[in-house]
Amino acid sequence: MKTPFFLTEVAQDWTEPNLASLQLALREAEDATLVRTNALEDPLFDTPNLANVRGVVRWSMVAKHLHVAANNGRFHGITANWVDLGGTHMLELRGKHTSVTACHLLRSDDNPRPSEYRKNCRIQNQVCPWLQGFQQPTPESEPLNLVLAHGGKNGEFAYLRAYTDPDPTVYRLLSKNIMQMPVLLPSIDFETVGEPEVQLNPAATEKESLQKAS
Amino acid sequence: MNTAFPERITQARELAGQTKTDLAGRLGKSVAAVSQWENGSKHPTPENLLTISQVLRVPMALFFTAIPTELARRGPITFRARSAAKTCLLRRQAQRLAEMVAEAYIWLEKWVSFPTASLPEIVWNDDPERAAGECRRFWGLGDRPIAKLGELLESKGIRLCSAAFGDVRFDAYSCIVSGRPFAFLGIEKQDRARSRFDAAHELGHLLVHQHFSDDEIEQAGKEVERQADAFASAFMMPAETFSRDVVDTSLDGFKRLKPKWGMSIQAMVRRAKDLELISEERYERHCRSISAAGWRRAKGEPLDEVVPLTTRSLGKKSLELLKASNKIKPWEISGELPLPESVLESVFDANLKAMVPEELDNVIVLQNFSTATPLLDPGDAPHD
């Protein structure tokens, strides 16, 4: 179940340029995954478990690409932190009001598999002042936990979702499909360079007119 | 009878990349005879001159035109890939091309104004980042990629010309002649990304090594090349913005950056190593993969077609201007400026002869070389 929702605080963290950077990082991660698990290039990957292997590689690539993108300043006002889940680490993109973790799904109507970490996030969201308005939020208030739900056969969807209910299938949709927003494709910004100017030499023109006059 | 300017024979011979022995052999004359013609102790007959002009593929009138007095090279000629330019012959060839191209520009400046040279004073402290940053700031640039590199250099007064010496190892060279900075880019490799790096490399030489003498350049050897490479790399891929883009450090990741930065994958991998975005080990692995993929060989790297061309436009624009203002027709230029076709092509990036209109195409111009009037008396000619 999903509920269309808009939240100013989310829009403040996840501006259009930041969403564009998300899209770029996801595309790069998907490409990197496919290159690294190409069974035609490397026959060692040619097993019935390729999809599973690819899933693990994608998980790692997405986290790494988002981490590097954040560290390189591609996200404005967002930092990346590795959260220790006791053995594995989850990448968290932290803004002023939100915290985002990525999750790969096969279909856009799927939901992340339940986990202790996700359950805690949902519980926090149920009392999140940024969302519920029970109390006046302070700068120290816990952020709203969002899931960057991305996936599809060719990485064709990515949404920001807020899971705010004890039921792990209930969420509020906070963005359009990031992968299908054409305006978000970052354009290459080159230095502006003018054309070199070539003009008739004024001295030559003057000399010529003097000659004509005489 | 008017006599030829001996230094023009030397100039034409060296431009053709020939030794005195080569020329003597092709003319069926002795080396001593060629030497005497070149040092002015004897004058070649008109028939000999005609043969020389045919053998060296220069117009006969060149021999009767003095080298302009204002032509003076300051500073060294610096080559990219010095190993390719190690032969004295190729150096001389390059030097002569530069002289003649500069002569053409001096002639053109009678009619046309070009952008004046605007190069920052760079003090090299072995800090390419600072030098490249100073240059970008001096020219009012930020840290974004430069697509129009040719236009940028030309608008800052650097005259870009093509050079073809029949040697694919030759990349580029630069020098300052009579206060005019020139950069000559090899056209034999047909590699856009490499050509852009070459142009930036030559910019590095013009900024950093213009006060060196030829001997100092020779003594410094590979060090000056390393400096120019480091400058080019930092100028074309500023540390902060380039680092931001290097997320995927696989070769495919660098390949994806090629359309944006317009640099070769090899140059980007090297830059990533210098900026410590990849380890030495990864760098070496990439170098091996690049070699194995054959990207260093003639077939080159993938995606070169998406790299912007290093456009040369000053010559073409001046030609259009002269044509539009009825000052002189393109096909008449070689009459006024008796330089070899290869030199005029290097300047104008066009074949002037091919511009002759159809109605004039069948007119045969008869020239009486023995009565051609020299522009200067040979006695007034400048000495080396």
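Residue numbering note: each chain is counted from 1, following its sequence as written. Key to labels: chains lettered from A, ligands numbered from 1, both in the order written. Side-chain atom pairs in this predicted model are given and counted only at pLDDT of 80 or more, local residue features only at pLDDT of at least 70, and totals for whole chains, interfaces and linings cover all residues. Side-chain calculation: all heavy atoms of the structure are included, whereas hydrogens and water are not.

J.: Let's hear about the packing of aromatic side chains: which residues, and what values?
T.: All names here are of chain B. Each Phe, Tyr or Trp ring (for Trp, its six-membered ring) is paired with any other whose centre lies within 6.5 Å, and the angle between the two planes then decides the class: stacked below 30 degrees, edge-to-face above 60, tilted in between. Evaluated as defined, the whole model comprises 12 aromatic pairs over all chains. Consider the rings of Trp-107 and Trp-111, whose centres lie 6.5 Å apart with planes at 65 degrees: the pair is edge-to-face. Pair check on accessibility: Trp-107 and Trp-111 agree, each one buried. With 5.7 Å between their ring centres and 10 degrees between their planes, Phe-231 and Phe-235 make a pair best called stacked. Of the two residues, Phe-231 and Phe-235 are both situated in helix H10 (residues 222-236); the distance of four residues between them amounts to about one turn of the helix. For the residue pair Phe-231 and Phe-235, the accessibility class agrees, reading buried in each case. Members of the aromatic cluster, joined through ring pairs, are Tyr-105, Phe-114, Phe-165, Tyr-173, Phe-182 and Phe-184. Our definition puts a charge over a ring when NZ of Lys or CZ of Arg is within 6 Å of the ring centre and also within 35 degrees of the ring normal. A cation over an aromatic ring shows up here: Arg-136 above the ring of Phe-235, its NZ or CZ 5.3 Å from the ring centre. For every residue, the accessible area obtained with a 1.4 Å probe (protein chains only) is divided by the maximum for its type, and the residue is called buried under 20%, exposed over 50%, and partly exposed between those limits. In this description a helix means any DSSP run of H or I spanning at least four residues, a strand means any run of E spanning at least two, and both kinds are numbered starting from the N terminus.

J.: Outline the pattern of salt bridges, supporting the account with residue identities and numerical values.
T.: Close approach of charged atoms allows side chains with opposite charge to pair. Residues and elements named next belong to chain B. The term salt bridge refers to a side-chain nitrogen of Lys or Arg lying within 4 Å of a carboxyl oxygen of Asp or Glu. In total, this model carries 28 salt bridges over all chains according to the counting rule given. Where Glu-38 meets Arg-13, a salt bridge forms, and the shortest distance between an N and an O atom there is 2.5 Å. Separated by 25 residues along the polypeptide, Glu-38 in helix H3 (residues 31-39) and Arg-13 in helix H1 (residues 6-15) bring together distant segments of the chain. The pair Glu-38 / Arg-13 is uniform in exposure class, with both members buried. In this structure, Lys-258 and Glu-301 form a salt bridge, with 2.8 Å as the shortest nitrogen-oxygen distance. Taken together, the positions of Lys-258 in helix H12 (residues 251-261) and Glu-301 in the loop between helix H14 (280-292) and helix H15 (314-324) put the pair 43 residues apart, joining distant regions of the chain. For the pair Lys-258 and Glu-301, a shared accessibility class is recorded, and that class is buried. Taken together, the shared-partner salt bridges connect Arg-13, Glu-14, Glu-38, Arg-92, Arg-96 and Glu-99 into one network.

J.: Residues and numbers for helix H2 (residues 20-27) of chain B, please.
T.: Residue and element names in this part refer to chain B. Within the span of H2, buried status applies to Leu-23, Ala-24 and Leu-27. Take H2 and look down its axis: the buried residues cluster within an arc of 100 degrees, on one side only. Seen from the buried face of H2, the exposed residues on the opposite side, beyond 90 degrees, are Thr-21, Gly-25 and Arg-26. Contacts are assigned to residue pairs with any non-hydrogen atoms lying within 4.5 Å of each other. For H2, the elements touching its buried residues are H1, H3 and helix H4 (46-56). Once H2 finishes, Gly-28 follows within two positions and takes phi at roughly 75 degrees, a positive value. Taking the helix axis as origin, the arc is that swept by the directions to the C-beta atoms.

J.: Mind laying out the packing of helix H2 (residues 16-36) of chain A against helix H3 (residues 50-71) of chain A, listing which residues take part and the relevant values?
T.: All names here are of chain A. It is at 8 Å that the axes of H2 and H3 come closest, and there the two elements cross at 140 degrees. One finds that H2 runs oblique with respect to H3. Considering how the two elements wind past one another, H2 and H3 form a crossing that is right-handed. Note on element contacts: H3 touches H2 through Arg-54, Val-57, Arg-58, Met-61, Val-62, His-65, Leu-66 and Ala-69, opposite Leu-22, Ala-25, Leu-26, Glu-28, Ala-29, Glu-30, Ala-32, Thr-33, Leu-34 and Arg-36. Lines are fitted to the C-alpha atoms to define the axes, a helix being fitted only along its stretch in contact, and any angle between axes, read from their N-to-C directions, falls within 0 to 180 degrees. Should an angle fall under 35 degrees it is taken as roughly parallel, and over 145 as roughly antiparallel, whereas 65 to 115 is taken as roughly perpendicular and any remaining angle as oblique. In this scheme the handedness of a crossing depends on how the near helix is turned from the far one: anticlockwise by less than a right angle means left-handed, clockwise means right-handed.

J.: Residues and numbers for the interface of chain B and chain A, please.
T.: Listed as interface residues are 39 residues of chain B and, on the opposing side, 27 residues of chain A. Both faces combined, the contact of chain B with chain A buries some 2800 Å², and carbon together with sulfur accounts for 55% of it. We note a salt bridge from Asp-31 of chain A to Arg-256 of chain B, for which the minimum N-O separation is 3.5 Å. Polar contacts, as used here, are pairs of N or O atoms within 3.5 Å; protein pairs need one atom able to donate a hydrogen and one able to accept it. Residues neighboring in sequence count only if both atoms are side-chain atoms. Linking chain B with chain A are 11 residue pairs in polar contact (both at pLDDT 80 or more). Broken down by secondary-structure element, the contributors of at least two residues to the side of chain B that touches chain A are strand S2 (112-113), helix H7 (149-155), helix H11 (239-245), H12 and H15 of chain B. Classes in brief: Ala, Val, Leu, Ile, Met, Phe, Trp, Tyr, Cys and Pro nonpolar; Asp, Glu, Lys and Arg charged; the others, Gly included, polar. Residues belonging to the side of chain B that touches chain A are distributed by class as follows: 14 nonpolar, eight polar and 17 charged. The rule for pairing is simple: two strands pair if DSSP sees at least two bridges between them. Of the strand pairs in this sheet, strand S8 (residues 199-200) of chain A and S2 of chain B are connected by two bridges, and their pairing is antiparallel. By the bridge assignment for S2 of chain B, Leu-200 of chain A is matched with Val-112 of chain B. The term buried area means the drop in 1.4 Å probe accessible area that two parts suffer when joined, counted for both and summed.

J.: Outline empty space enclosed by the protein, listing residues and values.
T.: Residues and elements named next belong to chain A. Throughout, the protein atoms alone are placed on a 1 Å grid, and a set of points is a cavity if a 1.4 Å probe fits but cannot get out or a pocket if it is open with protein on both sides within 12 Å along at least five of seven lines; lining residues have an atom within 4 Å of a point. Grid points are joined across faces, edges and corners, and a volume is the space filled by probe spheres set on the points. Counted by the stated rule, this structure contains four cavities of 30 Å³ or more. Here the largest cavity is characterised by a volume of approximately 120 Å³. Residue lining of the largest cavity: 13 residues in total, with Arg-118, Cys-121, Arg-122, Val-147 and Tyr-163 positioned closest to the centre. Mapped by element, the contributors of at least two residues to the lining of the largest cavity are helix H4 (116-126) and strand S5 (144-151). In terms of residues, the lining of the largest cavity owes the most to one element, H4, which gives four residues. When the residues that make up the lining of the largest cavity are grouped by side-chain class, the tally is seven nonpolar, three polar and three charged.

J.: Summarise helix H13 (residues 265-274) of chain B; cite the residues concerned and give the values.
T.: Think of an α-helix as 3.6 residues a turn; residues three or four steps apart then line up on the same face. Residue and element names in this part refer to chain B. Within H13, seven of the 10 residues are buried, which leaves it mostly tucked inside the rest of the structure. Of the positions making up H13, those classed as buried are Ile-265, Ala-267, Met-268, Val-269, Arg-271, Ala-272 and Lys-273. Contacts made by the buried residues of H13 are with helix H6 (128-138), helix H8 (192-208), H10, H11, H12 and H14. A positive backbone phi angle near 60 degrees is found at Glu-276, which sits one or two residues after H13.

J.: Give me the side chain of Thr-241 of chain B: which residues, what numbers.
T.: All names here are of chain B. Structurally, Thr-241 can be placed in helix H11. Looking at Thr-241, its side chain comes within polar contact range of the main-chain oxygen of Asp-143, at 2.5 Å. With residues up to four places along the chain from it excluded, the contact list for Thr-241 reads Asp-143 and Trp-261.

J.: Give me the pairing of S5 of chain A: which residues, what numbers.
T.: If a strand is regular, its side chains alternate between the two faces of the sheet. All names here are of chain A. In terms of burial, S5 is a largely internal element, eight of the eight residues being buried. Covered by surrounding structure in S5 are Leu-144, Leu-146, Leu-148 and His-150 together with Asn-145, Val-147, Ala-149 and Gly-151, the residues of both alternating faces. Note that strand S4 (residues 98-105) and S5 share eight bridges and pair parallel. Paired with Val-100 across the strands is Leu-146, a residue of S5. Bridging between S5 and strand S6 (residues 157-162) involves six bridges; their strand directions are antiparallel. The residue bridging Gly-151 from the neighbouring strand is Phe-157, located in S6. Linking two consecutive strands that pair antiparallel, namely S5 and S6, is a turn of five residues; a positive phi of about 100 degrees is found at Gly-152 within it.

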